[in-house]
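Observations on the three-dimensional arrangement
Below, each chain spelled out in residue letters.
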Amino acid sequence: MQIPIEYYLILSAFMFSVGIVGVLTRRNAIIVFMCIELMLNSANLTLITFSSYLGDVGGQLFVFFVMAVAAAEAAVGLAIIIAIYRNKLTVNIDQINILKW
Amino acid sequence: MTLEVILFAIFSTICAVSAVLMITRPSPVISALFLVLNFCSLAGLYLTLNAQFIAVAQVIVYAGAIMVFFLFVIMLLNPETERKFFEHKAKLRVFIIVIVALVLIQIIYVIFLSKPSQTITSEASRSIETGTVENIGREMFTNYVLPFEAAGYLLLAATIGALVLAKKKFE
């Protein structure tokens, strides 16, 4: 435990910011989805960091459940993307705007 | 310079660089491969944090299962390369990057201001004991058994939901 906890937290914050930039700038629905996975992973890194530095197992279990939810979310989300692609023949989120005011 | 510091430097650099490369490459396949690299280096970081079980689960679940799934969908859809809708809206992109950078600087400032390394006292032996498979398994099947069962039902529901959504048409 020679590394200060701040370094891990800053790395996590940086990855989260990169994920936000990706979600906001990319127009491909699949890549937007991958950026969401990146943000989930940066949150996981924070949980593991605190779990390890505090000696509490709760954070690591939480990460395990986050992984289960991420797997479920990826399955349903990608199925939705396939269904949209079948109807509109595009994954560009600028052209999928039926619900946009 | 101990091994821990060296490993942290290597893995965190790979992590940050691959994240940036992932959102800047136009091709979805290359983006997905950089995300796999990012997940693998994150597993290495988990190992430096003494979380062995989560590190293995990260490689198997994220870098293995979820990313193979993403690559499968990319292969199925064969989406047009993003370059043609990558160039316009450059002003908006710069605006977003500036805003997010400001928020990031704010978070880093708060992290350094609160000085968590002075308030959190960490012992290496306790940290190592926390991350073992034995400890996690004992905790999962005693205190956290209800969330564990709920996660099982969630995965079942997601499997059925994905099948129904991706089916050709409802009959």
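The rules behind these values
Residues numbered from 1 in each chain as written. Chains lettered and ligands numbered in written order. Predicted model: local features only at pLDDT ≥ 70, side-chain atom pairs only at ≥ 80, totals over all residues. Heavy atoms only, no water. Helix = DSSP H or I, 4+ residues; strand = E, 2+ residues; numbered from the N terminus. Rg over C-alpha atoms; globule rule 2.2 N^0.38 Å. Buried < 20%, exposed > 50% of the residue type's maximum accessible area, 1.4 Å probe, protein only. Areas by Shrake-Rupley, 256 points an atom, 1.4 Å probe, with all protein chains shown as cover. Lys, Arg positive; Asp, Glu negative; His and termini not counted. Charge placed at Lys NZ, Arg CZ, Asp CG, Glu CD. Contact = heavy atoms within 4.5 Å. Buried area = accessible area lost by both parts, 1.4 Å probe. Salt bridge = Lys/Arg side-chain N within 4 Å of Asp/Glu carboxyl O. Polar contact = N/O pair within 3.5 Å; in protein donor to acceptor, adjacent residues only side chain to side chain. Nonpolar A, V, L, I, M, F, W, Y, C, P; charged D, E, K, R; others polar. pLDDT = per-residue confidence, 0-100. Patch = residues over 30% accessible without salt bridge, like charges linked within 9 Å, V, L, I, M, F, W, Y side chains within 5 Å. Axes fitted to C-alpha atoms, helices over the stretch in contact; angles between N-to-C directions. Parallel < 35°, antiparallel > 145°, perpendicular 65-115°, else oblique.

Description of the overall build of chain A
Secondary structure assignment for chain A yields three helices and zero strands. For chain A, the α and β elements follow one another from N to C terminus as α-α-α. Since a compact globule built from 101 residues should have a radius of gyration of about 13 Å, the 17 Å found for chain A marks it as more spread out than a globular shape. With 101 residues in all, chain A has 62% of them scored as buried. Summed over its atoms, the accessible surface of chain A is roughly 3800 Å², and 72% of this surface lies on carbon and sulfur atoms. Of the charged side chains in chain A, 5 are positive and 5 negative, and the gap between their average positions amounts to 22 Å.

A look at the interface of chain A and chain B
Interface size, as often reported, equals the accessible area lost upon joining of the parts. Opposite the 72 residues of chain A that make contact, chain B presents 85 residues. Note on chain A versus chain B: buried area summed over both sides is about 7000 Å², and carbon and sulfur give 77% of it. On inspection of chain A and its partner chain B, the count reaches zero salt bridges. Inspection of the chain A/chain B interface yields eleven residue pairs in polar contact (both at pLDDT 80 or more). Among the secondary structure elements, those contributing two or more residues to the side of chain A that touches chain B are α1 (5-25), α2 (29-54) and α3 (58-88) of chain A. Counting residues per element, the side of chain A that touches chain B draws most heavily on α3(A), which supplies 23 residues. A per-class count over the side of chain A that touches chain B returns 50 nonpolar, 15 polar and seven charged.

Digging into the confidence of the model for chain B
In the predicted model, chain B carries a mean pLDDT of 87, and 92% of its residues have values of at least 70. Interface confidence in the predicted complex, given as ipTM, is 0.92; pTM for the same model is 0.91.

Observations regarding the side chain of A:Ser17
Examined against the element boundaries, A:Ser17 turns out to sit in helix α1. For A:Ser17, a relative accessible area of 8% corresponds to the buried category. When residues no more than four places from it in sequence are discounted, the contact partners of A:Ser17 are B:Val100 and B:Leu104.

Let's talk about a nonpolar patch on the surface
All names here are of chain B. The grouping of Met1, Ile6, Ile10, Ile14 and Leu37 at the surface amounts to a nonpolar patch, some 480 Å² of accessible area in total. For the nonpolar patch, the element with the most residues is helix α1 (residues 3-24), which contributes three residues. Classification of Ile10 by relative accessible area gives partly exposed; the value is 43%.

Quick look at the packing of α3(A) against helix α8 (residues 145-166) of chain B
Running from amino to carboxyl end, α3(A) crosses α8(B) at an angle of 10 degrees, the nearest separation of the two axes being 9 Å. As far as their axial angle goes, α8(B) and α3(A) are roughly parallel. For the pair α3(A) and α8(B), contact is made by A:Phe64, A:Phe65, A:Ala68, A:Val69, A:Ala71, A:Ala72, A:Ala75, A:Val76, A:Ala79, A:Ile80, A:Ala83 and A:Arg86 and by B:Pro147, B:Phe148, B:Ala151, B:Leu154, B:Leu155, B:Ala158, B:Ala162, B:Leu165 and B:Ala166, respectively. Taken together, the residues of the contact of α3(A) with α8(B) sort by class into 20 nonpolar, no polar and one charged.

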